[in-house]
Amino acid sequence: MDNTSFDDIRPYYDSELPAALERITQWELIPQILRFIYPQIPAEESMKRLKNVKSVEELQTTFMYDAICRVVKTTSQGFDYSGFDYLRRDKPCLYVSNHRDITLDAFLLQMILIERQRKTSYIIFGNNLLETPLMRDLYLSNKLVQMERGGNPMAFYRSLQHLSQYIHHLIVDQHQSVWIAQKNGRSKDGIDSTAPAIIKMLTLGSRKPAEQGLADLNIVPVAISYEWDPCDLMKANELYHKAHGGYQKVEGEDTNSVTTGIIGPKGHIHLSIGKPLTTAEICSEKADGEKDLADHVAAVLDRRIQKLYKLMPTNYLAYDMLTDTNQHRHHYSAEVKNQFLQRMNQLPEGDCRRIFLEMYANPVLSQQKES
């Protein structure tokens, strides 16, 4: 496999970073972003430091790390995590995560890895997020790997096989970890389910039997939960319109969701890392209704991720409101309930508010099903 095999989907090399940073610093928003990250430092000084960064690792351990820390400090009421001891320093892995926020789900994990003096992971993202040259440069400077969205069936299959080969190359040959969401797109309804198509894609990049190819990736389940979803009103509106006559995404919508997710209030945030899937779990007999290996592994991941998910006060409150009970009242305060109602009441009465409630209540229902 030659050095250019994955040039169409790989992130920037260190040698390409200076040119990318030069382009980034030309954008008018960058001084404002730098002032947000470093409020005590003149933007001109931060700009000079940014231009002098020489490697992706240096960029991530300084500017990216500082940016995510600043987001957590200014938009959340605290961030913690659990399960880090399951990760072995000498064994790269494939993090398979639930997906709630376009950017932060993966980048909060990167923050943890940097704090614990581990190498950051590569990140699989849909290429629909590269809407602008600035977004492209920012993402590709931070180990983003492009995943094609759509296209004719044959070309799409080839792109998935190509991506899978790159994932296997990174983990097995280059000893680099990779992050991927459990399905294309965010969970908008609060149900964290793994797409069997993602598992099938992961089997395409190895010449070994499918079970062994998956085992070679050292799959680690990850669950992230936000007390408040900054995009919850947008998600509820989208689901409502999809259920009532259709929904058409507008230009720039993904970028708007990225921005809202980053700057919006989140309450408490928790990230749970689970035990890696064992070969026995991957190869065990399929349950009733599971058609093939992909369905089986997806079901295993669903159980693991849903169990890892840390329920928040807003989840318990929404469940009680949806079921007209108060069985979880000790998990939330009157203040949280008041904030929740004020937010929900911005939506039209009826189905739209019901969808909003379900979005927050579904993680509780998912854990009840698994218990």
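Check the entry above for the structure.
I will try to describe carefully the structure that is included in this document.

So, how was this worked out
Residues numbered from 1 in each chain as written. Predicted model: local features only at pLDDT ≥ 70, side-chain atom pairs only at ≥ 80, totals over all residues. Heavy atoms only, no water. Helix = DSSP H or I, 4+ residues; strand = E, 2+ residues; numbered from the N terminus. Rg over C-alpha atoms; globule rule 2.2 N^0.38 Å. Buried < 20%, exposed > 50% of the residue type's maximum accessible area, 1.4 Å probe, protein only. Pairing = 2+ DSSP bridges. Axes fitted to C-alpha atoms, helices over the stretch in contact; angles between N-to-C directions. Parallel < 35°, antiparallel > 145°, perpendicular 65-115°, else oblique. Left-handed = near helix turned anticlockwise from the far one by under 90°. Contact = heavy atoms within 4.5 Å. Salt bridge = Lys/Arg side-chain N within 4 Å of Asp/Glu carboxyl O. Core = buried A, V, L, I, M, F, W, Y, C linked by side-chain atoms within 4.5 Å.

**Some words on the overall build of the protein**
Working step 1: If you tally the helices and strands in the protein, you get 16 helices and seven strands.
Working step 2: Since a compact globule built from 371 residues should have a radius of gyration of about 21 Å, the 21 Å found for the protein is in line with a globular shape.
Working step 3: By principal-axis analysis of the C-alpha atoms, the protein measures approximately 60 × 55 × 45 Å.
Working step 4: With 371 residues in all, the protein has 52% of them scored as buried.

**Thoughts on the pairing of strand S5 (residues 178-181)**
Working step 1: Where burial is concerned, the two faces of S5 agree: the one with Val178 and Ile180 and the one with Trp179 and Ala181 are both buried.
Working step 2: Sheet topology note: the strand S2 (residues 94-97)/S5 ladder contains four bridges and is parallel. The residue of S5 that forms the bridge with Ser97 is Ala181.
Working step 3: As judged from the two bridges shared by strand S3 (residues 122-126) and S5, these two strands associate in the parallel manner. Paired with Tyr122 across the strands is Val178, a residue of S5.

**A look at the packing of helix H8 (residues 196-203) against helix H13 (residues 293-308)**
Working step 1: The interhelical angle for the contact between H8 and H13, taken along N-to-C directions, is 120 degrees, at an axis separation of 8 Å. One element, H8, and the other, H13, form an angle in the oblique class. Note that H8 runs across H13; the crossing there is right-handed. Contacts between H8 and H13 involve Pro196, Ile199 and Lys200 from the former and Ala294, Asp295, Val297, Ala298 and Leu301 from the latter.

**Side note on the sheet that holds S3**
Strand pairing in a sheet takes place through backbone hydrogen bonds and is either antiparallel or parallel in direction.
Working step 1: Taken in spatial order, the seven strands make up an open sheet running S1-S7-S6-S2-S5-S3-S4, and their pairing is mixed. Where the open sheet ends on each side, the last strands, each with one partner, are strand S1 (76-82) and strand S4 (144-147). Direction aside, neighbouring strands of the sheet carry axes that sit 25 degrees apart on average.
Working step 2: Taken strand by strand, H13 contacts S2, strand S6 (219-226) and strand S7 (267-273), and its axis lies near 40 degrees from that of S6.

**Description of unusual backbone geometry**
Working step 1: Even without glycine at this site, Asn218 takes up a positive phi of about 50 degrees.
Working step 2: Within the secondary structure layout, Asn218 lies in the loop between helix H9 (210-216) and S6.
Working step 3: Phi at Asp324 is positive, roughly 55 degrees, even though this residue is not glycine.
Working step 4: Position of Asp324 relative to the elements: it lies in the loop between helix H14 (313-323) and helix H15 (334-344).
Working step 5: Judged by its relative accessible area of 72%, Asp324 falls in the exposed class.

**A short note on the pattern of salt bridges**
Working step 1: As enumerated under the stated definition, the model contains 15 salt bridges in all.
Working step 2: Here Arg10 and Asp7 are joined by a salt bridge, their closest N and O atoms 2.7 Å apart.
Working step 3: Between Glu16 and Arg10 there is a salt bridge, with the nearest N and O atoms lying 2.8 Å from each other.
Working step 4: Looking at Glu16, the relative accessible area reads 28%, which means it is partly exposed.

**Re the nonpolar core**
Working step 1: Within the largest apolar cluster, 40 residues are counted, with the highest numbers of intra-cluster contacts made by Ile68, Phe79, Leu87, Tyr95, Leu108, Tyr139 and Leu271.
Working step 2: At the level of elements, helix H4 (56-75), helix H5 (104-115), S3, helix H6 (133-140), S5, S6 and S7 are the ones that each hand at least two residues to this core.
Working step 3: A per-element tally of this core places H5 first, with nine residues.
Working step 4: Not counting the four nearest positions on each side in its chain, Leu108 is found in contact with Ile68, Val72, Phe79, Ile224, Tyr226 and Ile269.
Working step 5: Grouped together as the second largest cluster of nonpolar side chains are 31 residues, Leu170, Ile198, Ile199 and Leu277 included.

Honestly, that's just the spatial picture; any functional story needs more than this.
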